[in-house]
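Residues per chain are reported as follows:
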Amino acid sequence: MQDTIGPVLIVIDALDESGDRESRRVFLKILMSRLPELPSNYRILLTTRPEKDIVDTFEGQSSVLCKRMEDIDLESTNQDISVFIEQELAGVIDLNWCGQLATKAESLFQWAFTACLFIRGDGEEGLDPMEQLKPLLSSAPQSSKLELLDQLYSDVLNQTFKKEDATRMKRFKWIMARVMAARQPLSIATLNAMGTEDDLPDVGLIIRPLGFPVAWCDSA
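One structure accompanies this document, and this report is about it. Please read these numbers as outputs of a predicted model, since none were measured by experiment. (Residues numbered from 1 in each chain as written. Predicted model: local features only at pLDDT ≥ 70, side-chain atom pairs only at ≥ 80, totals over all residues. Heavy atoms only, no water.)

### Let's talk about the layout of surface pockets
Right, on to step 1. Roughly 2200 Å³ of internal volume is contained in the largest pocket.
Right, on to step 2. Elements that contribute at least two residues to the lining of the largest pocket include exactly strand S2 (42–46), helix H2 (52–58), helix H3 (74–89), helix H5 (109–120) and helix H7 (145–160).
Right, on to step 3. Residues belonging to the lining of the largest pocket are distributed by class as follows: 27 nonpolar, 7 polar and 12 charged. (1 Å grid on protein atoms, 1.4 Å probe; cavity = no way out; pocket = protein on both sides within 12 Å on 5 of 7 lines; lining within 4 Å. Points joined across faces, edges and corners; volume = space filled by probe spheres on them. Helix = DSSP H or I, 4+ residues; strand = E, 2+ residues; numbered from the N terminus. Nonpolar A, V, L, I, M, F, W, Y, C, P; charged D, E, K, R; others polar.)

Written out as structure tokens, the structure is:
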């Protein structure tokens, strides 16, 4: 391996979402067996849910430092979230609102990230950031972080696809029925080729606001 001057950080995010236990078994084996071969200036930061096979692989290893969610300083996390929200929404909304958003996030970066995308509108024309913000702040408190995320996604969907907009709701249901029923991910090109009941020229008009990755949506 070619020498690199200075520290090198390799980030592996959401390892638990890389596949089932069987598909990641080889990767985990290689990762643990080859770690000692890395130069001393290399570090790996890995995030994951505590799936049993992953925990069994890393727990007790002298070269691995495990940090669970309950071990992380929430005050530091909340400060990081506040800075993130202020940077993401600078020039979009009055920064006085950012503190309320950070409190609403309840230490969840995923909530803050999704909320900022929604408030900014991500290039969608005709969206008022304050109109996007208010439903998020007014939603009822939730008893768990999972319910907090569920409520956020529900608020975003209800704001993006209003029930009183019969045409858009009809298109949303038609397209999502095919996305969810497909055995393999379908590209926008494939979904367009399947057509819609009202000949919508581009199903991306419905897909893109849902936040699917560009590579998934636009692959041929």
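Let us keep going from here.
### Some words on the pattern of salt bridges
Right, on to step 1. Counted according to the given criterion, the structure contains 9 salt bridges.
Right, on to step 2. A salt bridge links Asp 16 to Arg 49; its shortest N-O distance comes to 2.7 Å. Here the residue Asp 16 occupies a position in the loop between strand S1 (8–12) and helix H1 (21–34), and Arg 49 occupies one in the loop between S2 and H2, the gap between them amounting to 33 residues.
Right, on to step 3. Relative accessible area serves as the criterion here: at 11%, Asp 16 is assigned to the buried category.
Right, on to step 4. When the shortest N-O distance is used, the salt bridge between Glu 59 and Arg 68 registers 3.0 Å.
Right, on to step 5. For Glu 59, a relative accessible area of 47% gives the class partly exposed.
Right, on to step 6. We classify Arg 68 as partly exposed; its relative accessible area is 37%.
Right, on to step 7. Within the structure, one salt-bridge network assembled from shared partners comprises Asp 16, Glu 17 and Arg 49. (Salt bridge = Lys/Arg side-chain N within 4 Å of Asp/Glu carboxyl O. Buried < 20%, exposed > 50% of the residue type's maximum accessible area, 1.4 Å probe, protein only.)

### As for the packing of aromatic side chains
Right, on to step 1. Applying the stated criterion across every chain yields a total of 2 aromatic pairs.
Right, on to step 2. With a centroid separation of 6.0 Å and an interplanar angle of 75°, the aromatic rings of Phe 84 and Phe 109 are classed as edge-to-face. With Phe 84 in helix H3 and Phe 109 in helix H5, this residue pair connects regions lying 25 residues apart in the sequence.
Right, on to step 3. Take Phe 109: its relative accessible area is 39%, and that puts it in the partly exposed class.
Right, on to step 4. A ring pair is formed by Phe 161 and Phe 172, whose centres lie 4.6 Å apart and whose planes are at 35°; its orientation type is tilted. Here Phe 161, found in the loop between H7 and helix H8 (166–181), pairs with Phe 172, found in helix H8; they are 11 residues apart in sequence, far enough to count as distant.
Right, on to step 5. Take Phe 161: its relative accessible area is 3%, and that puts it in the buried class.
Right, on to step 6. When the ring centre of Trp 174 is taken as origin, the NZ or CZ atom of Arg 178, which lies over that ring, is 3.5 Å away. (Phe/Tyr/Trp six-rings, centres within 6.5 Å; stacked < 30°, edge-to-face > 60°. Lys NZ or Arg CZ within 6 Å of the ring centre and 35° of its normal.)

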